[in-house]
Structures are given as C-alpha cells and as structure tokens.
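What the coordinates show
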Amino acid sequence: MAELSSKTVEFIRSPKQLLINGRWENAVSGKTFPVTNPATAEIIAHVAEGDQADVDKAVRAARQALESRAWANITPSDRGKLIWRIGDLILQHADELAELEALDNGKPVTVARSADVALAADIFHYMAGWATKLHGLTIPLSVPYLPDANFHCYTRLEPVGVVGQIIPWNFPLLMAAWKLSPALTTGCTVVLKVAEETPLSAIRLGELLLEAGLPDGVVNIITGFGETAGAALAAHPLVDKIAFTGSTEVGKLVVKAAAGNLKKVTLELGGKSPNIVLKDADLDVAIPGAAHAIFFNHGQCCIAGSRLYVAKEIFDEVIEGVAEIAEKIKLGPGLDPQTEMGPMVSDLQLNRVCGYLQSGLQEGAKAVCGGRKRLGAGYFVEPTVLVDTTPQMKVVQEEIFGPVVTAMPFKAMDEQLIRQANDTIYGLGAGIWTRDLGKAHRLANQLQAGSVWINCYNIFDAALPFGGYKQSGWGREMGSAVLEHYTQAKAVTVNIG
Ligand code: NAI
Ligand code: MG
C-alpha cells in the first residue's frame with residue numbers, strides 16, 4: 001500500500017478546528033470527536049465538535065461579512081478572479097486532497113483524483129465566470145390603469161444572504177465545492193456544516209479558501225454532528241437559505257426547521273434510479289455501463305443505477321456480464337493505487353447495507369454474486385447483483401446506498417415498464433441503453449427523473465443542472481439553474497414622466 005505523503009501526514013497531525021470569521025478555533029465546548037479510516041477501522045484524527053454555540057458564532061460572522069465592504073463592495077470581476085483562484089489552488093493541491101479523501105472516505109485515491117478533485121476544481125472555475133454575468137432585465141410595462149404614465153423598470157439579482165449548507169460524506173470535497181461555488185459567485189456568505197464521517201478535506205479546503213484571499217467570515221466551516229450542529233444551522237433565525245444534501249428523512253427535518261423564519265430551502269436527497277437495457281442495446285457498452293452505474297463510489301451515490309431493468313431476451317447475458325465484472329472488482333484500502341472499490345464509509349453504513357442484503361435474501365431474492373460483508377478489518381461489502389426480486393421488496397423500494405443492484409427482466413418497452421421504472425418515491429436519475437435513439441428519447445420523456453443518461457451513466461458537468469423530481473429534492477445544483485436559488489430578483493420601477 002502507498003505511504004501517505006509528508007504533506008498529508010503533517011496535515012493529519014495538525015489540530016483540526018472550526019473556521020469562524022477567518023480564524024481557526026476550538027469548539028466553544030472544547031469537545032472533539034474521532035475520525036476513522038474505514039479501510040482499517042482505526043482512528044486517524046480528532047476534530048473539533050461544533051454545536052449550537054459555534055453555529056451561532058459562525059452565522060453571526062457570516063451575517064457581518066455579508067454587509068462588510070470587503071465582500072459587498074468587491075467588483076464582480078474581482079469576485080470571479082477570487083473564485084477562479086480557489087479552483088486553481090484545488091488543482092495545485094490535487095494529490096494531497098485526493099489522498100485525504102481516500103483516507104477519510106475510503107474511496108480509491110485514483111478515483112478521488114480523477115473525479116472528485118477534478119470536478120471540485122472545475123465547478124469553481126465554471127462558477128467564477130458567472131460572477132460577471134448575473135444580469136437583471138429591463139422590462140417594458142403596460143400598467144392599464146395609468147395609460148399616460150412612463151416607467152423605466154429593471155430587475156437586480158441580489159444575493160439571497162447568509163446561506164447554511166449541510167453536506168454528506170459520499171463526495172466530501174465535491175459536495176463542498178458544489179455548495180460553496182454558487183454561493184460565492186452570487187455574493188452570498190456561508191456557514192458550511194460538513195459530514196461528521198468525513199471532515200478532513202473540507203478543513204483543508206478551508207485553508208485554501210483563506211490562501212485564495214477570501215475575506216473573513218465569507219465562508220465559515222463547522223465540523224460536528226447533524227442532530228446538534230446541523231439542526232442548529234437549519235433552525236437559525238439569521239440564516240436566509242439552507243441548502244442540504246443527504247437523506248430524504250433528514251431533508252424533511254430540515255424543511256420543518258426552516259419554517260421558523262421561512263428560510264429558502266433547496267434539497268438534494270436520495271434516489272432509487274432505474275437503469276433500463278432495451279433488447280437492441282450494444283451490450284459491449286451497456287454491460288460495463290450498468291456495472292459502473294451501480295458500483296461507482298461503492299454504490300454510495302444518490303444517483304446510483306440501483307434498479308436494473310433488462311429486456312427478457314438478453315437478461316441472462318446482461319446479468320452474467322455485470323456479475324462477472326462485479327467479481328473482478330479489486331476491493332482494498334482507498335490509498336492503494338490498485339484498489340478499484342474501497343470500504344463503506346462507516347460501520348453504520350456497513351450494517352445498513354448488510355441489513356438490506358439480509359432482508360432481500362430473506363424475502364426470496366438470490367445473489368448472483370457477492371451478497372456478503374467481507375471478513376476482516378475495515379467496512380467492506382462485496383459488490384452484489386440480486387435477481388428474483390419483486391417490486392414490493394424493500395431492496396427494490398428503498399435506497400441501499402451500497403454496491404447492490406436489483407435486476408428484473410421486462411417484456412417490452414411499454415406502459416408497464418415505464419410504470420415500474422417510475423414506481424418509487426424518488427426521481428433523481430435514470431439510464432437507458434439502446435441503439436434506437438427514437439425509442440431512447442421517447443423513454444427519456446416519460447421517466448420521472450432530474451437526470452437521464454442515454455448510453456452512458458454518471459456523467460456530471462459543472463454546466464449541467466442536477467437535482468431531483470418527487471422526493472429526491474427541491475431545486476437544482478450546478479449549471480445556470482443553481483443561480484436562481486442563491487439570488488433574489490428586486491424589481492425597481494422609476495417614474496420617468
Ligand atoms: P444524513 O442525511 O443523516 O446526513 C447528511 C448530513 O446531514 C450530514 O452532514 C449530517 O450531519 C446532517 N444531519 C443529520 N441529521 C441532521 C439534522 N437533524 N438536521 C440537520 N442536519 C442533519 O445521512 P446519513 O445518516 O449519513 O446516511 C443515511 C442515508 O442517507 C444513507 O444510507 C443514504 O441512503 C442517504 N444519503 C444520501 C445522500 C445523498 O447524496 N443524497 C448522501 C448521504 C446519505
Ligand atoms: Mg443520519
């Protein structure tokens with residue numbers, strides 16, 4: 001296994017504090033909590049445990065920064081340059097950040113470098129460009145009750161204000177980047193609550209934000225638990241908007257907490273995405289594609305293609321092919337450059353996934369491959385393909401968030417297939433594999449999902465909006481679509497006689 005670089009060792013040894021008003025501080029309570037390497041179950045660091053008192057300090061700092069000259073009066077061009085610099089710094093420290101992700105989350109370091117870190121830098125570079133392009137409109141009026149009047153009317157897009165952001169552990173750095181970059185480009189200020197399972201890369205990112213020259217208090221970072229720090233942020237009366245990524249269950253709690261001051265809410269929640277292989281699909285593409293759709297990031301993706309529907313004529317061939325790939329996936333610690341799949345992020349997630357496996361097998365599903373926890377240290381689960389599943393089974397209805405796909409044959413591309421594919425409370429993603437693009441587009445139109453991929457899966461881009469239908473969320477991240485959630489339009493009407 002690869003040794004940690006000296007930079008990472010030095011970072012791991014340094015104190016891990018909260019970023020409040022441009023300074024690193026211990027929690028008010030003085031408490032810390034341990035961070036675990038999921039490949040070994042060993043404790044690797046201790047991190048400040050922020051709670052309500054720290055969140056309150058951070059929110060007040062963000063409020064002050066919102067009105068500070070340093071931030072409110074910065075020109076759009078300078079704001080854009082600052083955000084661009086953050087993207088550059090992420091790339092300069094790419095290897096180090098990838099190593100931290102592998103150590104803390106468990107994902108393969110190669111994937112962290114090529115996907116998480118690269119995409120994180122890219123969204124800052126993309127959003128930097130928007131800083132100078134947040135135009136309002138000039139709007140001609142009719143005002144029927146004042147036929148002789150003359151008005152000059154325009155809208156301004158102003159920042160929504162202080163934003164609370166709560167992120168999960170599956171893409172720790174990338175989720176921070178998806179959240180912070182639109183907030184900064186629109187001139188908001190932020191309190192970011194990172195996931196308790198994976199706080200390290202966000203702390204390192206906080207150091208880079210300061211190095212880039214972000215004014216004090218514009219971004220504050222709180223490490224701590226959901227029930228304390230997260231809940232305090234969602235309920236805080238001085239927070240104008242909350243952006244949450246995580247479970248649908250907690251998303252609903254966030255909505256309730258936000259009701260106190262009617263803060264704006266955007267949510268990116270769970271999924272149970274259908275992945276449909278039609279009988280004319282190019283199986284050389286569709287089989288590895290279906291495997292990638294579920295096994296990427298160990299299935300710990302809100303958008304994982306976790307329900308595989310395959311035309312009955314090719315069902316056996318596809319399932320055999322996916323299972324063959326699954327069996328060859330090299331499990332190991334994320335830091336090992338040979339590793340293709342790391343451990344689940346925590347023992348809690350390991351037990352959740354194993355609970356689902358047990359429930360599926362008890363209800364009559366059959367594991368074509370995998371189906372078990374891998375014995376030994378670390379939180380490893382074997383990549384699993386379940387067949388003989390029925391639509392009512394828990395494994396088909398609920399988000400497993402692990403490397404487990406349920407596969408079902410279908411007879412034809414008809415109403416019944418579409419009904420089955422849409423038979424879920426979620427609506428995040430969907431995949432379609434076929435050589436017939438007419439069919440593909442017709443099917444894409446009928447699937448209830450925020451992202452549909454045709455002959456590909458897991459394609460993310462800073463320019464593409466991402467978000468959910470139904471209980472998969474409110475609003476969109478990335479692209480120009482995210483900007484409306486971080487700005488508010490002010491209509492100004494001038495009587496020009
Ligand atoms: P979670 O929803 O509890 O955690 C996500 C974030 O919310 C974390 O930062 C956590 O500290 C915070 N949080 C927890 N309770 C909170 C509360 N009452 N108020 C405010 N913030 C709170 O998700 P968890 O427990 O890590 O995973 C549970 C399941 O959620 C997974 O098995 C998976 O199915 C789903 N999930 C979905 C994600 C997605 O990307 N949509 C990401 C992570 C988990
Ligand atoms: Mg939770």
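Cut-off values and rules
Residues numbered from 1 in each chain as written. Chains lettered and ligands numbered in written order. Predicted model: local features only at pLDDT ≥ 70, side-chain atom pairs only at ≥ 80, totals over all residues. Heavy atoms only, no water. Axes fitted to C-alpha atoms, helices over the stretch in contact; angles between N-to-C directions. Helix = DSSP H or I, 4+ residues; strand = E, 2+ residues; numbered from the N terminus. Parallel < 35°, antiparallel > 145°, perpendicular 65-115°, else oblique. Left-handed = near helix turned anticlockwise from the far one by under 90°. Contact = heavy atoms within 4.5 Å. Nonpolar A, V, L, I, M, F, W, Y, C, P; charged D, E, K, R; others polar. Domains from an automatic or database assignment. Buried area = accessible area lost by both parts, 1.4 Å probe. Salt bridge = Lys/Arg side-chain N within 4 Å of Asp/Glu carboxyl O. Buried < 20%, exposed > 50% of the residue type's maximum accessible area, 1.4 Å probe, protein only. Near = heavy atom within 4 Å. Polar contact = N/O pair within 3.5 Å; in protein donor to acceptor, adjacent residues only side chain to side chain. Areas by Shrake-Rupley, 256 points an atom, 1.4 Å probe, with all protein chains shown as cover.

1. A short note on the packing of helix α2 (residues 52-67) against helix α9 (residues 226-235)
Following both chains from N to C, one finds α2 and α9 inclined at 40°, their axes separated by 8 Å at the closest point. With respect to each other, α2 and α9 are oriented oblique. In this structure, α2 meets α9 at a crossing whose hand is right-handed. On the side of α2, the interface is formed by Gln 52, Val 55 and Val 59, while α9 contributes Ala 229, Ala 232 and Leu 233. Of the residues assigned to the contact of α2 with α9, the class counts are 5 nonpolar, 1 polar and no charged.

2. Describing the domain arrangement of the protein chain
As far as domains go, the protein chain holds domain 1 (6-269 + 472-492) and domain 2 (274-462). Computed from C-alpha coordinates alone, the two centres of domain 1 and domain 2 are separated by 30 Å. The interface of domain 1 with domain 2 comprises 33 residues on the first partner and 31 residues on the second. Of the roughly 2500 Å² buried where domain 1 meets domain 2, counting both sides, 65% is carbon and sulfur surface. If you look at where domain 1 meets domain 2, you find 0 salt bridges.

3. Topic: the pattern of salt bridges
Under the criterion given, the structure shown has 17 salt bridges. Between Lys 490 and Glu 158 there is a salt bridge; the shortest N-O distance is 3.1 Å. Taken together, the residues span a long stretch of sequence, with Lys 490 in strand β19 (residues 487-495) and Glu 158 in strand β5 (residues 151-159) at a distance of 332 residues. Residue Lys 490 is classed as partly exposed on the basis of its relative accessible area of 39%. Linked through salt bridges whose partners overlap, the residues forming this network are Glu 96, Arg 204 and Glu 207.

4. Some words on the site of ligand 1
The environment of ligand 1 is made up of 26 residues, and the closest members are Trp 169, Lys 193, Glu 196, Ser 247 and Glu 399. Within the backbone of Ile 167, an N or O atom sits 2.8 Å from an oxygen atom of ligand 1. In this structure, Gly 246 approaches ligand 1 through a main-chain N or O atom, which is 3.2 Å from a nitrogen atom. Surface burial for ligand 1 is 91%, taken as the share of its 800 Å² of free accessible area covered by protein chains. Those elements that place two or more of their residues in the shell around ligand 1 are α9, β9 (241-245), α10 (248-258) and α13 (347-362). The greatest single-element share of the shell around ligand 1, amounting to 3 residues, is contributed by α9. Within the shell around ligand 1, the residues separate by chemical class into 12 nonpolar, 8 polar and 6 charged.

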